[in-house]
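Next come the chains, spelled out residue by residue.
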Amino acid sequence: MQPAPTIRARDRDAILQALSAGVVPRTGLRHVQVGRAAEIAALVRDIDRVADEGASIRFVIGEYGAGKTFFLNLVRLVALERKLVTVHADLAPDRRLHASAGQARALYAEALRNLATRTKPDGGALGSVVERFVTDAVKEAQQAGLPVERVIDRRLAPLQDEVGGYDYAVVLKAYWRGSEDGNEALKGAALRWLRGEFSTRTEARQALGVRTIVDDDNVYDALKLLAAFVQLAGYGGLFVVFDELVNLYKLQSAQARNQNFEQVLRILNDVLQGNVRGLGLALGGTPEFLLDTRRGLYSYQALQSRLAENAFAKGGLVDLSGPVIRLQNLTPEDMLILLSNIRAVFAGGDPARHLVPDEALGAFMDHCNDRIGEAYFRTPRNTIRAFVQLLAVIEQNPGTGWKELLGHVEVRGDDQADDAGADADVPSSPAPDDELVSFRL
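Everything numeric here is computed off the predicted structure, so don't read it as measured data.

(A) The arrangement of the pattern of salt bridges in detail. Per the stated rule, a full pass over the model turns up 22 salt bridges. Glu 395 is the salt-bridge partner of Arg 12, the closest N and O atoms lying 2.5 Å from each other. Of the two residues, Arg 12 sits in helix H1 (residues 9-21) while Glu 395 sits in helix H18 (residues 381-396), which places them 383 residues apart along the sequence. A relative accessible area of 14% means that Arg 12 is categorised as buried. Connected through shared salt-bridge partners, Glu 110, Arg 113, Arg 195 and Glu 197 make up one network.

Printed below as a string of C-alpha cells:
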C-alpha cells in the first residue's frame, strides 16, 4: 500500500471528528477517498466545461450507503480548486425546487448562505464575491475617470435582459454607496437581497428601491443570474450541489411532485439545449427517486425519456456521458483500503506511527463480517465509527493491544430511519446526517 501524504493536524482532527460522529468530513477528503476514478473524471470534465462558459447537469444516484454526500462534497471541492463559485444545500420538507409557500426561496437562501470560493471553502463567501466585483469597478472608474455607478451599469449590462437582471445593478450600486458612506445597514440589505432573504417586494423596495425579489417562482432564474454575476466578478462560473432530492419523491401531493419535476425538466432542457452558460448542477438522490414510475422522476414521461440509461451499458460496461451517474457500493477491497487510509490519518501520514499493523485491518474486517455480515462494507457507517473509536482508545492508552480490544468492539448495521409521516407505500429514508455510509470515491 502506498503511504499517505503528510496530513496537517487541522485536517487530521477534522477528519477524525467527523468520522467518529458518523458524518462526512468537510475537509481533507482526499486523504480517505478510494476508487471511483472514472466518475470523478467525468465530473471534472463537467467542471471544466462550466469554466469554459458551458453548462452541465448530473443526477448522482446511489442506494443508501453508496456515499452520495461524500462524492458530491469531493466534486464541490474540485470545483473550488478550478476557481468556480459553489453553492450547496440539502432538500427538505421546507426546502424544494418549486413551491408556493416559501419553500423554494428557503432552498435558495440556504444555498446562498453556503456560497463558497477557493479562499473561503466553508461558505459565507457572498460578501467577498460582491466586494471583489465592486472593488474592480471602482478601480476601473478611477482609471477611466468615470462615475462608479456608470461602470457598474456597464459591467452588468449582460444581465439586463434576464429576469431580475436590472435590479442586480440597483442592488450592487446600493452596496457600493453603503461602502462609501460607511452604511452597514445598506450593505447588509444588498446582501440580504442577493441571498433571497426578503420575503416581500414592499420590504425590498423600502430598503433598496428594487422592484423584484427572489421568490418561489424565480429561484432557477436567480441561480442563472448568480452564475452570470460570478463570472463578471472574475470567477469561472457557478457549481450548484443539491442533495437529498429523495424529499421530492416523498412529497405526498402528486401536484407538488409534478411541479417540482417540471422545474427539473426546465433545468435539464436548458442545460442540454445550451441555453445557459457558466452553470453546473449536481443533484443527489436514491434509485427510487429516479426510477419509481409512480412517484419518481420516471413518473414524468419527458424526464424518463431524457434520463433513460444507455441500453448498451450492460454486463459491467458503463457510460458516463449521460446525465445520470449511478454509484455502486463498497467492495471488501475498497473497505480494506479505506481502513488503511483512516489508519494513516491517525498517524498524520507517517507509517512509522501506525497504531496497528496490517494484520489488524483484516482481523477487524473479519470481526465485522461475523457480527453483521456484508453490511459492514456495503453500508459501513457504523463500521467506520467503530474502527475510529478502536484506534482512538489505542492512541490514548499506550501499550493497549488491538487483539484484546477487538473482541469487545460492538458493530451494528445501519438501520433505516422510520418515517412515521410518510405514506405506507413510500420507503423510509435515512436522516440526512447519516450519509457517511461509504467512501468509495
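(B) Structural detail: helix H10 (residues 219-232). Taking 1.5 Å of rise per residue, 14 residues should cover 20 Å, and H10 covers 20 Å from first to last C-alpha, within 8% of that figure. Of the positions making up H10, those classed as buried are Val 219, Tyr 220, Asp 221, Ala 222, Leu 223, Lys 224, Leu 225, Leu 226, Ala 227, Phe 229 and Val 230. Just downstream of H10, Gly 234 is the residue with a positive phi angle, here 105°.

(C) Highlighting the sheet that holds strand S4 (residues 279-285). If you walk across this open sheet you meet the 5 strands as S2-S3-S4-S1-S5, and the pairing is parallel. The open sheet has two edge strands with one neighbour each: strand S2 (85-90) and strand S5 (324-327). For this sheet the average axis-to-axis angle between neighbouring strands, irrespective of direction, equals 15°. Against the sheet, helix H2 (residues 37-51) contacts strand S1 (55-62), strand S3 (238-243), S4 and S5, and its axis sits at roughly 155° relative to S1.

(D) View of the packing of aromatic side chains. Counted according to the given criterion, the structure contains 4 aromatic pairs. Taking 5.6 Å as the distance between ring centres and 80° as the angle between the ring planes, the aromatic pair formed by Tyr 168 and Trp 193 counts as edge-to-face. Taken as a pair, Tyr 168 in helix H7 (residues 165-181) and Trp 193 in helix H8 (residues 184-194) lie far apart in primary sequence, 25 residues in all. Side by side, Tyr 168 and Trp 193 carry an identical accessibility label, which is buried. Site record: aromatic cluster; members linked through ring pairs are Phe 133, Tyr 168, Trp 193 and Phe 229. Positioned above the aromatic ring of Tyr 235, the side-chain terminus of Arg 132 is 4.4 Å from the ring centre. Over the ring of Phe 198 we find Arg 192; its NZ or CZ atom is 4.2 Å from the centre of that ring.

What counts and how
All residue numbers refer to positions counted from 1 along the written sequence of the respective chain. In keeping with the predicted nature of the model, local features appear solely for residues at pLDDT of at least 70, side-chain atom pairs appear and are counted solely at 80 or more, and the whole-chain, interface and lining totals rest on all residues. Only hydrogens and water are set aside when side-chain values are computed; all heavy atoms of the structure are taken into account. For salt bridges, the criterion is a side-chain nitrogen of Lys or Arg within 4 Å of an Asp or Glu carboxyl oxygen. Helix numbering and strand numbering both begin at the N terminus, where a helix is a DSSP run of H or I of at least 4 residues and a strand a DSSP run of E of at least 2. Buried, partly exposed and exposed residues are distinguished by accessible area as a fraction of the type maximum, computed with a 1.4 Å probe on protein chains only: under 20%, between the cut-offs, and over 50%, respectively. Here the expected length of a helix is defined as 1.5 Å per residue gap, with one fewer gap than residues. Strand pairing follows a simple DSSP-based rule, namely that at least 2 bridges must link the two strands. To define axes, lines are fitted to C-alpha atoms, for helices over the stretch in contact only, and angles between the resulting N-to-C directions are given on a 0 to 180 degree scale. Whether two residues are in contact is decided by their heavy atoms: any pair within 4.5 Å suffices. Classification of ring pairs uses Phe, Tyr and Trp, with its six-membered ring standing for Trp, and accepts pairs whose centres are within 6.5 Å; under 30 degrees between planes counts as stacked, over 60 as edge-to-face, and the remaining range as tilted. We count a charge as sitting over a ring when the NZ of a lysine or the CZ of an arginine lies within 6 Å of the ring centre and within 35 degrees of the ring normal.

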